[in-house]
Amino acid sequence: MNKKTAHELNNLLVNKKISSVELTKAVLDRIDKTEGKVQAYVTVTREDALKQAKAADSRISELPDTRIPLLTGIPIAIKDNMCTKGVLTTCSSKILANYIPPYNATVVEKIKAAGAVIVGKANMDEFAMGSSTENSGLHPTYNPWDLERVPGGSSGGSAAAVAANECILATGSDTGGSIRQPASFCGVVGFKPTYGRVSRYGLIAFASSLDQIGPLTKDVTDTAILMNVLVGYDPKDSTSVNQPVPDYQKALIDNVKNLKIGYIKELLGQGIDQEVKASIEQAMKKLEELGAKLIEVSMPSFEHAVATYYLIAPAEASSNLARYDGVKFGHRSKEAKDLLTMYYNTRREGFGAEVKRRIMLGTYALSAGYYDAYYLKALKVRTLIKQDFDRAFMKYDVLLSPTAPSIAFKFGEKTADPLAMYISDIATIPINLAGLPAISLPCGFSKKAPIGLQIIGRAFDEETVLRAAFTYEQNTDWHKQIPEL
Amino acid sequence: MSYETVIGLETHAQLATESKMFCGCPTKFGAKPNTNICPVCTGQPGVLPVTNKKAIELAIKTAIALNCKIEPQSVFARKNYFYPDLPKGYQVSQYELPLATNGHLEIEVGGNIRKIGIIRVHLEEDAGKSIHQGAGRILGSASSLIDYNRTGTPLIEIVSEPDIRSPKEAAVFMQALANLLQYIGVCDAKMEEGSLRCDANLSVRERGSSEFGVRTELKNMNSFKAVEKALLFEEKRHTEVLADGGKISQETRFFDDTTNTTHGMRGKEEAHDYRYFPEPDLVPVAPDKKWVEAIRSALGELPEERKNRFIANHRLSSNDAFLLISQRATADFFEECVILLNKPKIIANWILGDLQAYLNARNLTIKQANFSPVQLVELIQLIDKGTISGKIAKTVLIKVLETGNSVKDVIAESGMTQMSDEGTLVKIVQSVLAANPKQVEQYKAGKTTIIAFLVGQVMKETKGRANPGLANKILKQELDT
Amino acid sequence: MAITKKDVEHVAKLARLGLSEEEIELFTRQLSAILDFAGSLQKLDTKNILPTSHAIPMKNVLREDKVVTCQNTEDILANAPAEEDHMFRVPRIIE
Ligand SMILES: [Mg+2]
Ligand SMILES: [Zn+2]
């Protein structure tokens, strides 16, 4: 039953065909069975999960069917950069290996209030910096479709856990593609909402102006259901938007007639794997058959998006990560005879190579004499990228591209050259720079590894994105494929 | 060679809010260490700041009172540096786009009124407190303990133009600023308690030069007097070094109030590179006209406006008016008196003269003194009626202030009523004349001015109680007949 | 723009990052490559372009001045690597 989606399981739970305790046990059993291969989790909260499941079961028996929240009793994995009060939250970093948050992230509060059962904390690239989960400071996660391949990142643990049926759904965070790219690599659905839709309070910051939390699920319906739980204004987050929130399940309409879809020329040309390109073109054909209008659109500024991102994100990160200094929480070096030595050694021992690299890059981009040439320049190019999107959305309802230029790569394939790894984020990064909503959903396979289709929407128009994705999904069956493990 | 001193001041004032700048923790003083803290102000992973509206309003209030331009949009930035009392590794402050710019504050120094420019007023958060163990100072201590209770307390930073020309002026500026901040209810402005802090920049140049000399930055002055003393020391040091043909090196120096000297930090000072950038977790503050106007009108009459009204309506000198408005309570006291008795000039003289001298000597404010406008007016009216002399009134004032008794009681107890009974005075006059035959002779010989001496003798005999006008009149009568 | 070993050492100091000799060498090479790549932005004309700090523009997000007492101060202290007298202890500060 752990192979089912949340909406299928909700039916079984409400009709008392199964109990949440049974379901949670099934998920925990699956974890026991496959976690040795996948390593999707940093922490499995076994006892706590069973307690929550019991509470969910009594809630189901007490409440009238219509008043039971849809996620009641459904096992969920939380990316380990979202604070869980009293439960280890490491951000997959040695520097936070012992950190027990004194508070819950707003999304964790919401998930708990919705009755979902938290089964554990999912592995990730350390501080969400990476595209393969190879940068986890604790251990790598393996792609359930092919254990020689990476699951993507940084939400690699979340995506792998969903794909391996080690949970029903999961949360991820997306700064430059960290939900969508692992969703694409693991053959699941991943959605990054508009910046400001979901509260970032309690999300351990990587790059504050780009970070956004979103769902990783087995299908688009579950994405809409989890979106309904996650979104909403939070007075604790000054950048969360105080706007009415629609019911995303109502956006699940199997109809794209006359929907104007712009496919991004720059993301279907050079540097894109041929099989990926072929799958995307298949998907475009499918959407056209279903009544959508597909038109090519050029986004000239995309050429500069990676460079822009790799100045802005590390700059913000260099400041966000200053608090890991051995004073208040987390790791403190034993070699700390004075304050400066403590700083140097704590941060040397606690951070992994990629985190150090980005702290260095960001510190440099902000430092005296370089600010204007690098950081400020990047903020201006960010405006140009936003303008490209504004122009495109005057004509098209949604935009389309592959989520990643390739299928999941093999371990070690890109670790030697950070720049090559960065460039592979080309299709997802521009969306974060512009703060827009975008989804990745399965649209094919190459070498038995999944391929992801990305659909991008206007700011706050998650509904059209969901509608297009839902229509495509309802008329294909890629999302029903399950990896053999 | 003659030198000129150039001083600029950077003042930090704690805003009178209930809660901190970006979280709900109380700003109250004196709590047990690390009890007024929360995830936000201790920089726990994942927390986010939300700006305190009252802090913005108090800053706008200050900016209005300092005649500043409120900027249409101001932006919080991160000032990045490592220190254990700074839990996030950056201080949220305003940098490129401050809340307000381009104002001024008037001060009175040696009878002259000087306008000191204000470059900017901006908001920021305070750091925590470090307690250094094993020694009195940072250097040499075995370890330090950090208390985050104060972390995140809202501050305004007020940066003056380098318009100040002497240590005395600097101290007066600080006092005037403190008075103003208290006056408008923005800050209790106590340097000794740290709610008002100041760093000073001082440089010295040849008189007449338009270029600035190399400046040093002074820290750790915990009173108005300390500001003056630190600057005096530094002014002397600069002047001597320059006169010797030496060079001042740009550095930060600490004031030691036990020796009244300043010391540079030992060792090479790392060049600061704060890597400011816009705080992505906060959005711009853009006060619209309506909001600013609402704050302005709630602010009521500003000290400067009040000063101008005192000059126009009560015909006070600009100096007297300035001194009266320096403290809100003093100005209020004055106005209450004028309502009771329309003699503003005389009232102002009493307040700024004997009353203020008494208060200053005892380091009291007018509110702390046991004295009301009704009492002062009563005193003035008794002089007018001739019940007491002006001179006695001064003694009465002190007695009233000291004892807290009523004016009437003080006068009655000490029998200080003026002697205006002619019969009694005639007898005293006659005995004075009998005792001073020489002076009587001189008078009769035409030296009529000698009468002043004789009046004095009468006053002496009556212990000052004789009505001097009447004494004069009777003396003339007796001498001329 | 090439960055030197000295630049890397300076930046590491600003960031309070202890780096090994090998890391300094490695980062000098890698940061140079990345910054070279980022140098492509210089070609773009951004003379009249305003910077975007927030993708979704907002202003005046403020809260009322109300005290909210934190119930978890002990949990905060419990994470302290070293605690003494209800304070966070750090080793001696030498500049
Ligand atoms: Mg400051
Ligand atoms: Zn707090």
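Every value quoted in this text rests on a predicted model; they were computed, and no experiment measured them.

Caption draft 1: Spatial organisation of the overall build of chain B. Per the secondary structure count, chain B includes 15 helices and 15 strands. Its C-alpha radius of gyration of 30 Å places chain B more than 25% over the 23 Å reference for a compact globule of 481 residues. Overall, the C-alpha framework of chain B stretches about 100 × 55 × 45 Å when taken along its three principal axes. Here chain B holds 481 residues, and 55% of them are scored as buried. Within chain B, residue pairs in contact and separated by at least 24 positions form 69% of the contacts whose partners lie at least 6 positions apart. For chain B, the exposed surface amounts to about 21400 Å²; the carbon and sulfur share of it is 50%.

Caption draft 2: Summary view of the coordination of the zinc ion (ligand 2). Within the first shell, the zinc ion (ligand 2) binds the protein through Cys23(B) (SG), Cys25(B) (SG), Cys38(B) (SG) and Cys41(B) (SG), at distances of 2.3 Å. What the four donor atoms of the zinc ion (ligand 2) show is an angle range of 98 to 116° at the metal, which sorts the shape as tetrahedral.

Caption draft 3: Fine view of the sheet that holds strand β2 (residues 83–84) of chain C. In space, the four strands of this open sheet follow the order β8(B)-β9(B)-β3(C)-β2(C), with antiparallel pairing throughout. The open sheet is flanked by β8 (129–133) of chain B together with β2 of chain C, the only strands paired with a single partner. Alignment of β2(C) against strand β3 (residues 87–91) of chain C, held across two bridges, turns out to be antiparallel. By the bridge assignment, Glu84(C) is partnered in β3(C) with Met87(C).

Caption draft 4: Focus on the coordination of the magnesium ion (ligand 1). All names here are of chain B. The coordination sphere of the magnesium ion (ligand 1), as far as protein atoms go, consists of His12 (NE2), Glu124 (OE), Glu124 (OE) and Glu157 (OE), spread over 2.0 to 2.6 Å. Positions of the donor residues of the magnesium ion (ligand 1) along the chain correspond to the pattern H-x111-E-x32-E. You can see glutamate 124 sitting in strand β7 (residues 112–125) and its partner glutamate 157 sitting in strand β10 (residues 154–160), a full 33 residues away along the chain. The exposure classification of glutamate 124 matches that of glutamate 157, with both residues buried.

Caption draft 5: Quick peek at the pattern of salt bridges. One pass over the structure, following the stated rule, counts 48 salt bridges over all chains. Here Arg200(A) makes a salt bridge to Asp237(A), at a shortest N to O gap of 4.0 Å. Of this pair, Arg200(A) sits in the loop between β5 (189–192) and β6 (212–217) while Asp237(A) sits in the loop between α7 (220–230) and β7 (260–264); the two residues are 37 residues apart in sequence, bridging distant segments of the chain. Side by side, Arg200(A) and Asp237(A) carry an identical accessibility label, which is buried. Of the charged contacts in the structure, one is a salt bridge between Glu354(A) and Arg357(A), with a shortest N-O distance of 2.7 Å. Taken together, the positions of Glu354(A) and Arg357(A), both in helix α11 (residues 353–366) and three residues apart, correspond to about one turn of that helix. Residues Glu354(A) and Arg357(A) agree in their burial class; the two are buried. One network of salt bridges, in which partners are shared, links Arg200(A), Asp237(A), Arg78(B), Glu279(B) and Asp281(B).

Caption draft 6: Broad picture of the interface of chain A and chain C. Taken together, the contact between chain A and chain C spans 68 residues of the former and 54 residues of the latter. Both faces combined, the contact of chain A with chain C buries some 5400 Å², and carbon together with sulfur accounts for 70% of it. Together, Tyr344(A), Met360(A) and Tyr364(A) form the three largest contributors to the area buried by chain A at its contact with chain C, with a combined 13%. Where chain A touches chain C, the interface holds one salt bridge. In this structure, Lys356(A) engages Glu23(C) in a salt bridge whose closest nitrogen and oxygen atoms are separated by 2.9 Å. Between the two partners, chain A and chain C, sit 18 residue pairs in polar contact (both at pLDDT 80 or more). Looking at the side of chain A that touches chain C element by element, the count peaks at 13 residues for helix α12 (residues 371–395) of chain A. Here the side of chain A that touches chain C is composed, by residue class, of 39 nonpolar, 15 polar and 14 charged.

Caption draft 7: Structural detail: the sheet that holds strand β9 (residues 398–402) of chain A. Residues and elements named next belong to chain A. Read from one edge of the open sheet, 11 strands run β1-β3-β2-β4-β6-β5-β10-β11-β9-β7-β8, paired in mixed fashion. A strand with exactly one partner marks an edge of an open sheet, and here the two such strands are β1 (41–44) and β8 (293–297). For this sheet, the mean inter-axis angle between neighbouring strands, taken without regard to orientation, is 30°. Taken together, the three bridges between β7 and β9 define a ladder with parallel strand orientation. By the bridge assignment, tyrosine 263 is partnered in β9 with leucine 400.

Caption draft 8: Layout of the UniProt feature "domain: Asn/Gln amidotransferase" (unreviewed entry) in chain B. Per the UniProt record, the feature "domain: Asn/Gln amidotransferase" (unreviewed entry) sits at residues 332–479 of chain B. End C-alpha to end C-alpha, residues 332–479 of chain B measures 50 Å, and it is 73% helix and 0% strand.

Caption draft 9: Representation of the domain arrangement of chain B. All names here are of chain B. Per the domain assignment, the segments making up chain B are domain 1 (10–203 + 269–291), domain 2 (301–414) and domain 3 (422–480). A separation of 36 Å is found between the C-alpha centroids of domain 1 and domain 2. Domain 1 puts 13 residues into the contact, and the matching count from domain 2 is 14 residues. Of the roughly 1200 Å² buried between domain 1 and domain 2, counting both surfaces, carbon and sulfur atoms make up 53%. A per-residue breakdown of the area domain 1 buries against domain 2 is headed by Glu106, Glu108 and Tyr183, which together make up 55% of the total.

Caption draft 10: Layout of helix α15 (residues 468–480) of chain B. Residue and element names in this part refer to chain B. The terminal C-alpha atoms of α15, which comprises 13 residues, lie 18 Å apart, in line with the 18 Å expected from a rise of 1.5 Å per residue. Looking only at α15, the buried set comprises Leu470, Ala471, Ile474, Leu475 and Leu479. Down the axis of α15, the buried side of the element spans an arc of 160°, and every buried residue falls inside it. Residues of α15 that are buried sit in contact with α12 (422–435), α13 (437–444) and α14 (451–461). Taking the backbone nitrogen of glycine 469 as reference, a side-chain oxygen 3.1 Å away marks asparagine 467 as the first, capping residue of α15.

Caption draft 11: Expanded view of empty space enclosed by the protein. Applying the stated criterion across every chain yields a total of five cavities of 30 Å³ or more. The space that makes up the largest cavity amounts to roughly 190 Å³. Around the largest cavity, the lining is made up of 20 residues, and of these Arg323(A), Val40(B), Val47(B), Pro49(B) and Lys88(B) lie nearest the centre. Across the lining of the largest cavity, the residue classes tally to 11 nonpolar, four polar and five charged. Looking at the second largest cavity, its volume works out to about 70 Å³. When the residues that make up the lining of the second largest cavity are grouped by side-chain class, the tally is five nonpolar, seven polar and two charged. If you count residues domain by domain, the lining of the second largest cavity takes at least three from each of domain 1 (6–259 + 397–480) and domain 2 (303–380) of chain A.

Caption draft 12: The arrangement of helix α4 (residues 289–299) of chain B in detail. By the burial criterion, the buried members of α4(B) are Trp291(B), Val292(B), Ile295(B) and Leu299(B). Buried residues of α4(B), viewed axially, fall in a sector of 95°; they line one side. In α4(B), those exposed residues whose orientation departs by more than 90 degrees from the buried face are Lys289(B), Lys290(B) and Ser297(B). In this structure, the buried residues of α4(B) make contact with α1 (53–65) and β3 (69–70) of chain B together with β1 (62–63) of chain C. Trailing α4(B) by a residue or two, Gly300(B) shows a phi angle of about 70°, which is positive.

Cut-offs and rules
Residues numbered from 1 in each chain as written. Chains lettered and ligands numbered in written order. Predicted model: local features only at pLDDT ≥ 70, side-chain atom pairs only at ≥ 80, totals over all residues. Heavy atoms only, no water. Helix = DSSP H or I, 4+ residues; strand = E, 2+ residues; numbered from the N terminus. Rg over C-alpha atoms; globule rule 2.2 N^0.38 Å. Buried < 20%, exposed > 50% of the residue type's maximum accessible area, 1.4 Å probe, protein only. Contact = heavy atoms within 4.5 Å. Areas by Shrake-Rupley, 256 points an atom, 1.4 Å probe, with all protein chains shown as cover. Donors = N, O, S within 2.8 Å, 3.2 Å for Na, K, Ca; no water. Tetrahedral: all angles 85-135°; square planar, octahedral: opposite > 155°, others 65-115°. Pairing = 2+ DSSP bridges. Salt bridge = Lys/Arg side-chain N within 4 Å of Asp/Glu carboxyl O. Buried area = accessible area lost by both parts, 1.4 Å probe. Polar contact = N/O pair within 3.5 Å; in protein donor to acceptor, adjacent residues only side chain to side chain. Nonpolar A, V, L, I, M, F, W, Y, C, P; charged D, E, K, R; others polar. Axes fitted to C-alpha atoms, helices over the stretch in contact; angles between N-to-C directions. UniProt positions renumbered as here; feature names shortened; annotations may be inferred. Domains from an automatic or database assignment. Expected span 1.5 Å × (residues − 1). Arc of directions from axis to C-beta. 1 Å grid on protein atoms, 1.4 Å probe; cavity = no way out; pocket = protein on both sides within 12 Å on 5 of 7 lines; lining within 4 Å. Points joined across faces, edges and corners; volume = space filled by probe spheres on them.

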